[in-house]
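This is what each chain is made of:
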Amino acid sequence: MVAKLQDVAKAAGVTITTVSRVLNDFPHVSKKTHDKVYAAIRALNYHPNALARSLQGKSSKFIGLIFPTIANPFFSELANELEVKLSAKGYKIIIASSANNVEAERRYLGMLAANMVEGIITGSHNLGIEEYKDVNMPIVSFDRFLSEEIPIVSSNNYQGGTLAVDYLVKQGAKKIAIITDEDDSDSPTSWRVVGAEKAIKQAGIQSQQFAFPDSQFTESEKAEELRSLLASQKFDGIFANNDTTALLIKKIIKENNFNEVPIIGYDGTDFIRHYLTDVATIVQPIPEIADALIDLLFRRIEKPDEHFENPEPLAVQLFVN
């Protein structure tokens, strides 16, 4: 039997009005009440449809986006590209920034379901959230494994890893530091390191990996950890997991008068390529990624009961300014 709002209220020991306030992110709701309501929602596998009566079977014309942070130029540009392309189809978007916070992402997932978006595009970094496999709506993922039932669009991370190392080797690097997120999932991003290590082995040089999970460090803490790493280790090449980390490393080297070494980042947004000098990066094709995500999502919307395989990864390229 499908759970109703009344069932959630009863299970949580609160009123229907309180459940509604929690789902719609009203202020002045205590954390205790919030947690009780969401515990009941998860236990009952409840998926609210706040607009169902007014829509009467019509399309809501809304798509939900969940990204770790739109402060990162890559996710900002991808969100913008998705908005432009979806707008051309007559759709609007609701953007949720999960801020690398599991509870925040759970709230946003519930909120998007409550407002009856037609589908969700997610680039979540909060791996292992059980709710994704239970959400009764079409979802597609960018670069992240969330569930066997959620197909993934990705660029060719293996190719990106090999291109990055090939660039550093051509710059004369013999000992490369690989700066990564901590990720033991089956997400496609893990192939960046696989490709990098393969190229390192073929080149007959040394490497060492260092994980800096964003969820465990503030920006200042991450900067200090990287400063300590650069001060104590002798590397002559650095492969960073994204461009913002690469730029932070460049800043630390300059401020501390460390020896200059070749550095390459990852993502290659328009902002990075057009406005910053002396930058090497692996470019992910944002327009093509947006097209692939939208195409796959709309196919899932049209055929919600069909299983979809992951499309072929999209080619990346080296950019040196």
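Residues numbered from 1 in each chain as written. Predicted model: local features only at pLDDT ≥ 70, side-chain atom pairs only at ≥ 80, totals over all residues. Heavy atoms only, no water.

Peer 1: Before we go on, may I ask you to explain the side chain of S141 in this structure?
Peer 2: When you line up the elements, S141 lands in strand β4 (residues 139–142). Polar contacts involving the side chain of S141 include one to the main-chain carbonyl oxygen of R144, which spans 2.5 Å. The contact partners of S141, leaving out residues within four places of it in the chain, are T122, L146, I150, P151, I152, V153 and L293. (Helix = DSSP H or I, 4+ residues; strand = E, 2+ residues; numbered from the N terminus. Polar contact = N/O pair within 3.5 Å; in protein donor to acceptor, adjacent residues only side chain to side chain. Contact = heavy atoms within 4.5 Å.)

Peer 1: Help me out: how do you make sense of the sheet that holds strand β7 (residues 206–211) in this one?
Peer 2: Working definition: the strands of a sheet are paired by backbone hydrogen bonds and lie parallel or antiparallel to each other. Read across the open sheet, the 6 strands follow the order β7-β6-β8-β9-β10-β11; overall the sheet is mixed. A strand with exactly one partner marks an edge of an open sheet, and here the two such strands are β7 and β11 (317–320). The sheet shows a mean angle of 20° between the axes of neighbouring strands, taken without regard to direction. Of the pairings in the sheet, the one linking strand β6 (residues 175–180) to β7 comprises 6 bridges and is parallel in character. Its bridge partner being in β7, A177 is matched across the sheet by Q208. The strands that helix α8 (residues 191–203) touches are β6, β7, β8 (237–240) and β9 (263–267); relative to β6, the one it contacts most, it runs at about 175°. (Pairing = 2+ DSSP bridges. Axes fitted to C-alpha atoms, helices over the stretch in contact; angles between N-to-C directions.)

Peer 1: So what exactly am I meant to see when it comes to helix α1 (residues 5–12) here?
Peer 2: For an α-helix, the turn length of 3.6 residues means that residues three or four places apart are oriented alike. For α1, the set of buried residues is V8, A9 and A12. Take α1 and look down its axis: the buried residues cluster within an arc of 100°, on one side only. Along α1, the residues that are exposed and aim more than 90 degrees away from the buried face are K10 and A11. Buried residues along α1 sit against α2 (16–23) and α3 (31–44). (Buried < 20%, exposed > 50% of the residue type's maximum accessible area, 1.4 Å probe, protein only. Arc of directions from axis to C-beta.)

Peer 1: Could you clarify how one ought to interpret the environment of K4 in this entry?
Peer 2: Position of K4 relative to the elements: it lies in the segment before α1. Residue K4 is classed as exposed on the basis of its relative accessible area, which comes to 53%. Once the C-alpha coordinates of K4 and L44 are considered, the two residues, 40 residues apart in sequence, prove to be 9.0 Å apart.

Peer 1: Even after reading the chapter, I still don't get the packing of helix α7 (residues 157–170) against α8, so can you show me in this structure?
Peer 2: Two packed helices can be described by the angle between their axes and the distance between those axes. Where α7 meets α8, the closest approach of the two axes is 6 Å, and the angle between their N-to-C directions is 40°. Classed by the angle they form, the pair α7 and α8 counts as oblique. Judged by the twist between their axes, the crossing of α7 over α8 is right-handed. Here α7 contributes N157, Y158, G161, T162, V165, D166 and V169 to the contact with α8, which in turn contributes W191, R192, V194, G195, A196, K198, A199, I200 and A203. Of the residues in the contact of α7 with α8, the class split is 9 nonpolar, 4 polar and 3 charged. (Parallel < 35°, antiparallel > 145°, perpendicular 65-115°, else oblique. Left-handed = near helix turned anticlockwise from the far one by under 90°. Nonpolar A, V, L, I, M, F, W, Y, C, P; charged D, E, K, R; others polar.)

Peer 1: What is the right way to look at the nonpolar core in this model?
Peer 2: Generally speaking, nonpolar side chains in soluble globular proteins are found buried as a group. Of all hydrophobic cores here, the largest spans 24 residues; its most connected members are L65, L78, L82, I121 and L293. Every element with two or more residues in this core is listed here: β1 (62–67), α5 (73–88), β4 and α12 (286–302). No other element matches the 8 residues that α12 contributes to this core. Setting aside residues up to four positions removed in sequence, L78 forms contacts with F67, F142, I286, I289, A290 and L293. (Core = buried A, V, L, I, M, F, W, Y, C linked by side-chain atoms within 4.5 Å.)

Peer 1: What exactly am I supposed to notice about the pattern of salt bridges here?
Peer 2: If charged atoms from side chains of opposite charge come close, those side chains can pair. Using the criterion set out here, one finds 10 salt bridges in the structure. Across the pair E81 and K85 runs a salt bridge, and its minimum N-O distance is 3.4 Å. Of this pair, E81 and K85 are both found in helix α5, 4 residues apart, which corresponds to roughly one turn of the helix. According to the relative accessible area criterion, K85 is partly exposed, its value standing at 22%. The shortest N-O distance in the salt bridge between E255 and K251 comes to 2.8 Å. Placement of the pair is E255 and K251 together in helix α10 (residues 243–255), with a separation of 4 residues, close to one helical turn. Each of E81, K85 and D291 takes part in a single network of salt bridges with overlapping partners. (Salt bridge = Lys/Arg side-chain N within 4 Å of Asp/Glu carboxyl O.)

Peer 1: Could you clarify how one ought to interpret the sheet that holds β1 in this entry?
Peer 2: What the 5 strands build is an open sheet, ordered β2-β1-β3-β4-β5; its pairing is parallel. Across the chains shown, the open sheet's two edge strands, defined by having one partner strand only, are β2 (92–97) and β5 (152–153). Bridging between β1 and β2 involves 6 bridges; their strand directions are parallel. Residue pairing across strands places F62 opposite K92, the latter belonging to β2. Running over the sheet, α5 touches β1, β2, β3 (119–122) and β4 and is turned about 170° from β1. Sheet strands in contact with α12 are β1, β3, β4 and β5, and its direction is about 160° off that of β4.

Peer 1: I'm lost on the environment of T245 in this one. Help?
Peer 2: Among the secondary structure elements, T245 is positioned in helix α10. The exposure class assigned to T245 is buried, which follows from its relative accessible area of 2%. Residues T245 and G265, spaced 20 residues apart in sequence, show a C-alpha to C-alpha distance of 7.3 Å. Among residues more than four places away in sequence, those in contact with T245 are I179, K222, L226 and A240.

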